[in-house]
Amino acid sequence: MHCLGAEYLVSAEGAPRQREWRPQIYRKCTDTAWLFLFFLFWTGLVFIMGYSVVAGAAGRLLFGYDSFGNMCGKKNSPVEGAPLSGQDMTLKKHVFFMNSCNLEVKGMQLNRMALCVSNCPEEQLDSLEEVQLFANTSGSFLCVYSLNSFNYTHSPKADSLCPRLPVPPSKSFPLFNRCVPQTPECYSLFASVLINDVDTLHRILSGIMSGRDTILGLCILALALSLAMMFTFRFITTLLVHIFISLVILGLLFVCGVLWWLYYDYTNDLSIELDTERENMKCVLGFAIVSTGITAVLLVLIFVLRKRIKLTVELFQITNKAISSAPFLLFQPLWTFAILIFFWVLWVAVLLSLGTAGAAQVMEGGQVEYKPLSGIRYMWSYHLIGLIWTSEFILACQQMTIAGAVVTCYFNRSKNDPPDHPILSSLSILFFYHQGTVVKGSFLISVVRIPRIIVMYMQNALKEQQHGALSRYLFRCCYCCFWCLDKYLLHLNQNAYTTTAINGTDFCTSAKDAFKILSKNSSHFTSINCFGDFIIFLGKVLVVCFTVFGGLMAFNYNRAFQVWAVPLLLVAFFAYLVAHSFLSVFETVLDALFLCFAVDLETNDGSSEKPYFMDQEFLSFVKRSNKLNNARAQQDKHSLRNEEGTELQAIVR
């Protein structure tokens, strides 16, 4: 398929004149150099994937391994210099920490003796006799392999080769098959080492796995609430908007009240002794302060913008009419979400393999440790950039597909005969012509996201320092600047993708043309469009509020046994991500419609020679919104003149 198109027109005198808008007339391949760059970048990612498969050993993390280089549940090869390595652990699938209540961390590594066992001891063992009886009855040996179970009670080395007494009851850690102590004291110490002292990966994994059932239920709740919000916007009425805003206000106030009540309950609970409870109390205070600030800002905005509800309802009805021309747009987030999940699973699998890519080194006592290979950290950084850039590319493809479908339906003269398969048509145009444009737009977002992550990491690193107040303030300001730039680029990219779908131009040209035409026609729809986006944002807030409230109630029942800050943050992030994935369809359609409207005004005048593409309902809505804005502007000017006149009369007297 060949590429067509011309970017500039040339007049009779030979001088170039301004490019005209030609909706869907010309099409050419755009930003091909960026597409080639993305291909080269993914070549590097494929190399890292292959290297992780060859050099990595994700099985050590998934299945666990003992202190002698044996992977649990597998038949192992011997390590030279380690006499207890190379054993057949097919029937020993669980990792048992001999001193689970006294784990230590040295150099970011757990300093512990671990064994592969058949079963975890589910009851407390108070003596070596009980340890020996447990070994004989269950076939699970809790002492070092070199010590025979018959000698547990007679060998003088039993104190150093067997677990410290008493052995706490433990259960297998799901998926990772670790024996986790179940008594509150040991669990708290065990979890504090894994969660607070090792690394971020252990913190996230421990938080997820300790509350996995609750997290799964809350994710399903967030998905159900997002679907309910999508259908609410699909069949929206004035009454529904009032009910919806009332629910948002109640949800915000309720979540704030619950958070402050939980903090009060923690501070007045004299039984708080575990580190997990103190950590939870700090997290509740932070959540309460942040949620209170967000609630105050949103309540002020709702009060200021309350008079625009009627026009907003009409706006969403027009949006729904555009969606009805391509109803499968509502299912677009499902495909995008499925692709993202597949990519994230692949990314995590490669990350785990890279994390276990190490060479076995025999230490004192015949124990085996795995040292990371050289260059792994650079691969991690490259892999992280790949996560951000590719994720943004997938999301940008969704935006481009939706914008292309809206453009196809809008610039159709026969409104009674909508185009066939607009989504497939938009996908084909994206695939054959504009992948480079999407790559470039997603790269710009990634360039802003990566410094934000670095600044956030450095800000957290300075929290523990007493003399870093100025540095923390500067990093916080930098983070806010990057956040604002990120939001601006997201809006710029969306308009650029829509302009590319209309005119077939490259990213920079499309972004410039979109900015010019929207600036020229901003008086028509800026306020209404902003309030429509605000209502959609409130829908996302409502989903997050009810999901977080459910998480607070669920996690609070086990607050003595787990640090639930990480699971709650993950649930809140997932709830917002799901809500954004579904409700962003309305946001994208809304922005694309107004850009198409601006192009329609630019290229047509409503005459019989140049009729508008828009229908009468859309045109009448814009006229009513303009009249309302003009009336309010005149009212403001009149009130200002009256105030000035009153002051002058007082001076004359």
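Residues numbered from 1 in each chain as written. Predicted model: local features only at pLDDT ≥ 70, side-chain atom pairs only at ≥ 80, totals over all residues. Heavy atoms only, no water.

Undergrad: Explain the confidence of the model for the protein chain to me, please; I cannot follow it from the model alone.
TA: Interpreting fine coordinate detail is not advised for predicted regions of low pLDDT. A residue-level look at the protein chain finds 76% of positions with pLDDT of 70 or above and a mean pLDDT of 76. Confidence drops under pLDDT 50 across residues 1-17; counting only partners more than four residues distant or on other chains, this segment forms 24 contacts. Taken as a whole, residues 643-653 scores under 50 in pLDDT and shows 0 contacts with residues more than four places along the chain or in a different chain. (pLDDT = per-residue confidence, 0-100. Contact = heavy atoms within 4.5 Å.)

Undergrad: What is the right way to read the environment of F141 from this model?
TA: By the element assignment, F141 lies in the loop between α3 (128-138) and α4 (158-161). If sequence neighbours within four positions are ignored, F141 has contacts with K92, L115, V117, A135, S149 and Y152. (Helix = DSSP H or I, 4+ residues; strand = E, 2+ residues; numbered from the N terminus.)

Undergrad: Is there a simple way to explain the state of the cysteines in this structure?
TA: Should the sulfur atoms of two cysteines be covalently bonded, the bond is a disulfide. Applying the stated criterion to the full structure yields 3 disulfides. A sulfur-sulfur distance of 2.0 Å marks the disulfide that ties C72 to C116. Measuring handedness by torsion sign, the sulfur bridge of C72 and C116 sits at about -85° and is left-handed. Here C116 lies in strand β6 (residues 114-117) and C72 lies in the loop between α2 (58-63) and β3 (94-97), a separation of 44 residues in the sequence. The class for C116 is buried, based on a relative accessible area of 1%. Through a disulfide, C143 is tied to C162; the S-S separation comes to 2.0 Å. Across the S-S bond of C143 and C162 the torsion is about 110°, and the bridge reads as right-handed. Residue C143 is located in the loop between α3 and α4, and its partner C162 is located in the loop between α4 and β7 (170-173); the two are separated by 19 residues in the primary sequence. Between C256, a free cysteine, and C545, which holds the nearest cysteine sulfur, the sulfur-to-sulfur gap is 7.7 Å. (Disulfide = S-S within 2.5 Å. Buried < 20%, exposed > 50% of the residue type's maximum accessible area, 1.4 Å probe, protein only.)

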